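Here is what each chain is made of, one letter per residue.
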2 protein chains.
Amino acid sequence: MKEIRVAVVGASGMVGRTFLRVLEEYNLPVSEYVLMASARSAGKTVAFFDREYVISELTEQSFDSGFDVALFSAGGSVSKQFAPIAAAKGCVVVDNSSQWRMEPDVPLVVPEVNPEALQNHKNIIANPNCSTIQAMLPLKAIMEEWGLKRVIYSTYQAVSGAGLAGYKDLENGAVSYLDGKEQSPQKFPHPIFSNCLPHIDVFLDNDYTKEEQKMVNETRKILGDDRIGVTATTVRVPVFDGHSESINIETHKPFEIEDVKKKLADFHEGMVLVDDPANNKYPLALDAAGRNEVFVGRVRRDYSIENGINLWCVADNIRKGAATNTVQIAKYMLEHGML
Amino acid sequence: MKEIRVAVVGASGMVGRTFLRVLEEYNLPVSEYVLMASARSAGKTVAFFDREYVISELTEQSFDSGFDVALFSAGGSVSKQFAPIAAAKGCVVVDNSSQWRMEPDVPLVVPEVNPEALQNHKNIIANPNCSTIQAMLPLKAIMEEWGLKRVIYSTYQAVSGAGLAGYKDLENGAVSYLDGKEQSPQKFPHPIFSNCLPHIDVFLDNDYTKEEQKMVNETRKILGDDRIGVTATTVRVPVFDGHSESINIETHKPFEIEDVKKKLADFHEGMVLVDDPANNKYPLALDAAGRNEVFVGRVRRDYSIENGINLWCVADNIRKGAATNTVQIAKYMLEHGML
């Protein structure tokens, strides 16, 4: 493989720092990394590959020196402004914001699921929403064999999805609660410790949250079939790291539940079946934290319809839900001569 | 109303103590309360109605003195042994265990939902499982107008459902985690702080947990229709008090979503619609703790099928899920000349 020049945009945030760890682990053949951020963070240094990198300021000239790929994780407004600039300079942008995901000419990719979408792009590739990414692996596996008719998500999402401020709300909330004091959340609209908030991102006109609508829209786009019925209820829970999801599935074709488990176990090394109830083994957020794989278990027949499945899916939302998937997209493109 | 003589069996446990608080609040016309428990707790005193009550030992002779009603909350084995003895002495047992729930001649009752089931009994009435009770109110309301075809539950259940030991696991787990130490759960099979356990009660041969199977079976019995498709994924979350539930519903008849909200708001004073997303108002476990009502919100059309509804339902699992519903059953029977 050729060596590439890589820009990391938004290296100072919580997701950005995990990007650096994942890039170290994947150790792609890179001749040079340049870390960029807004003026506020420019000049800071971060540890990366055993040396200190100085973060440079992201400007309209940042991509003039020629990059093969830029990994963006700096929010929607930064992506909106700078991704087209980078793309116009010939740099492939893999963007972790929601800014470009539903654009028709922007591939929305989970590499284990729909890498073929990377064949046609205009230098902007979108990384899906965290809660969507992890569900795609079991859903694609099942879809391949039995077809997908309908998917119902109920999520149990970690506070790390709301960044460092989400972390602080849970940590401070737990301390306050255990001291017998009122919680004083700064990030969430309500206390998060000892509570479940059925509210992630803003509310839309149809009374869904934007997070719920993302799961509906992105599931269909990634799986490439708008006829799949999808609905979602997304919930923030008092968990630091790792999203869990209760997924109810209706397939087109009949199945044996043992065949479903086997398919999930064999689908891809990126998904691990953890399904041994007799020994209290099932996917857990605490176990998934720090891991790059998607974990799936509690696979059972839903007896309320002819072809129904219940399952439980867990992944580290900052890794597979963001940084890992983004790096995997770049790795796939590199290995397939797309960069 | 006549004055009645009431036995409270299992007054020393966590649910038992809440029973006493709820009995104080409802202040039924009772001539005498006798508090009973196993030999281990007998002799202890508890504060009740502004005086100290001594807990007497539960024996085969305990009901010889003649009681109108006995509220049992001492676990399945105590109910199995002593409920028939009390019943044979002419005492109506309202039992909070799962021991008798699915017996054909035992009414399983949520007073706002199926009080008619109280017409025929053999002196044993069963209080449903906590996670089932709260869901019955919105489901019955919707069933009355549009019929119920299918229900899919995903629950977010508080540790108080596992008693004081569950409380301790969350409290100690949070302290350990915040100190950077390993959690050492005593009650749950895995750490509960910063985690979600898709495992409540024991696993059955069909890979459902008993809690999940209870929700399936009890929903049908209470709503009086075995044709309703029901499935469930039940999950323990790091919340001290109050179960939350994501409920996906398919009705037989078409509806306008605003009519569904109106029906839920008007159904019964025991259910409160909290559904004002624009002002971040929806049911929350922290708000439901200590309350006797069921709270419902996030009511939305599920666009993935023709007649689909998503909603979010929260209640205090020790109150409406146990003590309150039990006391309400006794109150209903008293007010309707059934005692």
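Structure shown above.
Description of the structure in this document. In this text, all values refer to a predicted model and were calculated from it rather than measured experimentally.

Turning our attention to the packing of helix 4 (residues 163-178) of chain A against helix 4 (residues 163-178) of chain B. Interaxial distance between helix 4 of chain A and helix 4 of chain B falls to 11 Å at its minimum, and their mutual angle equals 130 degrees. On the basis of the axis angle, helix 4 of chain A is oblique to helix 4 of chain B. Crossing of helix 4 of chain A against helix 4 of chain B: the hand is left-handed. Facing Glu171(A), Ala174(A), Val175(A) and Leu178(A) of helix 4 of chain A, the residues of helix 4 of chain B in contact are Glu171(B), Ala174(B), Val175(B) and Leu178(B).

Within the secondary structure, Tyr208(B) sits in the loop between helix 4 and helix 5 (210-223). On the accessibility criterion, Tyr208(B) (2% relative accessible area) is buried. Sequence separation between Tyr208(B) and Phe82(B) is 126 residues, and the spatial gap between their C-alpha atoms is 30 Å. Apart from residues lying up to four places away in sequence, Tyr208(B) is in contact with Arg298(A), Arg300(A), Arg301(A), Asp302(A), Tyr303(A), Asn310(A), Val202(B), Phe203(B), Gln213(B), Thr231(B) and Ala232(B).

Phe63(A), Leu139(A), Tyr153(A) and Leu311(A) are the most contacted members of the largest nonpolar core, which has 58 residues in total. For this core, the element with the highest residue contribution is helix 3 (residues 130-146) of chain A, accounting for 9 residues. If you look at the next biggest cluster of nonpolar residues, it comprises 57 residues, including Val34(B), Ala126(B), Leu139(B) and Leu264(B).

Moving on to the packing of helix 3 (residues 130-146) of chain B against helix 6 (residues 257-266) of chain B. All names here are of chain B. Contact geometry of helix 3 with helix 6 gives a least axis separation of 9 Å together with a crossing angle of 125 degrees. Relative to helix 6, the element helix 3 lies oblique. Both helix 3 and helix 6 take part in a crossing whose hand is right-handed. Counting all contacts with helix 3, which are made through Pro138, Ala141, Ile142, Glu144, Glu145 and Trp146, the residues of helix 6 involved are Asp259, Val260, Lys263 and Leu264. Here the contact of helix 3 with helix 6 is built from residues that sort into 6 nonpolar, no polar and 4 charged.

Before going further, it helps to examine the packing of aromatic side chains. By the definition in use, this model includes 30 aromatic pairs over all chains. Here a set of aromatic residues connected by ring pairs shows up, and it is made of Tyr167(A), Tyr177(A), Phe193(A), Phe240(A), Tyr167(B), Tyr177(B), Phe193(B) and Phe240(B). The lysine or arginine in question, Arg5(A), covers the ring of Phe67(A), its NZ or CZ lying 4.3 Å from the ring centre. Across the ring face of Tyr208(A), the terminal group of Arg300(B) is positioned such that the distance to the ring centre comes to 4.7 Å.

Counting from both sides, the interface comprises 59 residues of chain A and, opposite them, 59 residues of chain B. Overall, the association of chain A and chain B removes approximately 5,100 Å² of surface from exposure, summing both partners, and the carbon and sulfur fraction of that is 59%. Of all residues in chain A, the largest losses of buried area upon contact with chain B belong to Arg150(A), Leu286(A) and Arg300(A), amounting jointly to 12% of the total for that side. Joining chain A to chain B, the criterion identifies 8 salt bridges. For Glu212(A), the salt bridge identified is with Arg300(B), shortest N-O distance 3.2 Å. Counting across the interface, chain A meets chain B through 42 residue pairs in polar contact (both at pLDDT 80 or more). If you list the elements that add at least two residues to the side of chain A that touches chain B, you get strand 9 (148-156), helix 4, strand 10 (229-233), strand 11 (243-251), helix 7 (285-288), strand 13 (294-302) and strand 14 (308-315) of chain A. Class assignment for the residues of the side of chain A that touches chain B results in 31 nonpolar, 18 polar and 10 charged.

This part takes up the pairing of strand 9 of chain A. Residue and element names in this part refer to chain A. Buried residues dominate strand 9, accounting for 8 of its 9 residues. Judged from the 8 bridges that link them, strand 9 and strand 11 form a sheet pairing that is antiparallel. Its bridge partner lying in strand 11, arginine 150 is registered against glutamate 250. Across 5 bridges, strand 9 lies against strand 10 in parallel orientation. Bridging across to strand 10, arginine 150 finds its partner in glycine 229.

Here we come to unusual backbone geometry. Residue and element names in this part refer to chain A. At asparagine 27, a position not held by glycine, the phi torsion is positive, near 45 degrees. Here asparagine 27 is to be found in the loop between helix 1 (14-26) and strand 2 (30-37). If you check the backbone angles, asparagine 280 has positive phi at about 55 degrees while not being a glycine. With respect to the element layout, asparagine 280 can be found in the loop between strand 12 (271-273) and helix 7.

Looking now at the relation of the copies chain A and chain B. Here two copies of a chain appear, and what relates them is a rotation about an axis with a shift along it. Overlaying chain A with chain B gives an RMSD of 0.0 Å, the required rotation being 180 degrees about an axis along which the chain moves by 0.0 Å. On the angle and the small slide along the axis, the relation comes out as a two-fold axis. Comparing interface residues between copies, 100% of those in chain A also sit at the interface in chain B, which points to an isologous, same-surface contact.

Residue and element names in this part refer to chain B. Spatial strand order, 5-2-1-6-7-8: 6 strands in an open sheet with parallel pairing. Every other strand in the sheet has two partners, leaving strand 5 (56-57) and strand 8 (124-126) as the edge strands with one partner each. In terms of strand pairing, strand 7 (residues 92-95) meets strand 8 through 3 bridges, oriented parallel. By the bridge assignment, valine 94 is partnered in strand 8 with isoleucine 125. Lying on the sheet, helix 8 (residues 319-335) is in contact with strand 1 (4-9), strand 6 (69-72), strand 7 and strand 8; it crosses strand 6 at an angle near 165 degrees.

Parameters and conventions
- Per chain, the residues get numbers from 1 upward, laid out in the order the sequence is written.
- Chains and ligands are labelled by the order in which they are written, letters from A for the one and numbers from 1 for the other.
- The model is predicted, so local features are restricted to residues of pLDDT at least 70 and side-chain atom pairs to those at 80 or more, both for listing and for counting; the totals for chains, interfaces and linings are taken over all residues.
- Excluded from the side-chain calculations are hydrogens and water; all other atoms, namely the structure's heavy atoms, are used.
- Interaxial angle, 0 to 180 degrees, is taken between N-to-C directions of lines fitted to C-alpha atoms, where a helix line uses only the stretch in contact.
- Where helices and strands are cited, they refer to DSSP runs of H or I of at least four residues and of E of at least two residues respectively, numbered from the N terminus.
- An angle counts as roughly parallel when it lies under 35 degrees, as roughly antiparallel when it exceeds 145, as roughly perpendicular when it falls between 65 and 115, and as oblique in every other case.
- For a crossing to be left-handed, the near helix must be turned anticlockwise from the far one by less than a right angle; the clockwise case is right-handed.
- When checking whether two residues touch, look at their non-hydrogen atoms; a contact exists if any pair is within 4.5 Å.
- Burial classification: accessible surface area is computed with a 1.4 Å probe over protein chains only, and a residue below 20% of its type maximum counts as buried, one above 50% as exposed, and the rest as partly exposed.
- The term nonpolar core refers to a set of buried residues drawn from Ala, Val, Leu, Ile, Met, Phe, Trp, Tyr and Cys, joined through side-chain atoms within 4.5 Å.
- Gly falls in the polar group here, along with every residue not listed as nonpolar (Ala, Val, Leu, Ile, Met, Phe, Trp, Tyr, Cys, Pro) or charged (Asp, Glu, Lys, Arg).
- Working definition: rings of Phe, Tyr and Trp (its six-membered ring) pair if their centres are within 6.5 Å, and the pair is stacked with planes under 30 degrees apart, edge-to-face with planes over 60 apart, and tilted otherwise.
- By definition here, charges over rings are those cases where NZ of Lys or CZ of Arg is within 6 Å of the ring centre and within 35 degrees of the ring normal.
- Two parts lose some accessible area (1.4 Å probe) when they are put together, and adding that loss for both gives the buried area.
- Only one rule defines a salt bridge in this text: a Lys or Arg side-chain nitrogen within 4 Å of an Asp or Glu carboxyl oxygen.
- We define a polar contact as two N or O atoms separated by no more than 3.5 Å, with the added condition that, inside protein, one atom must be a possible hydrogen donor and the other a possible acceptor, whereas residues neighbouring each other in sequence contribute only through side-chain atom pairs.
- In this analysis, strands are considered paired if DSSP registers two or more bridges between them.
- For this overlay, a least-squares fit was computed on C-alpha atoms, restricted to residues scoring pLDDT of at least 70 in both copies.

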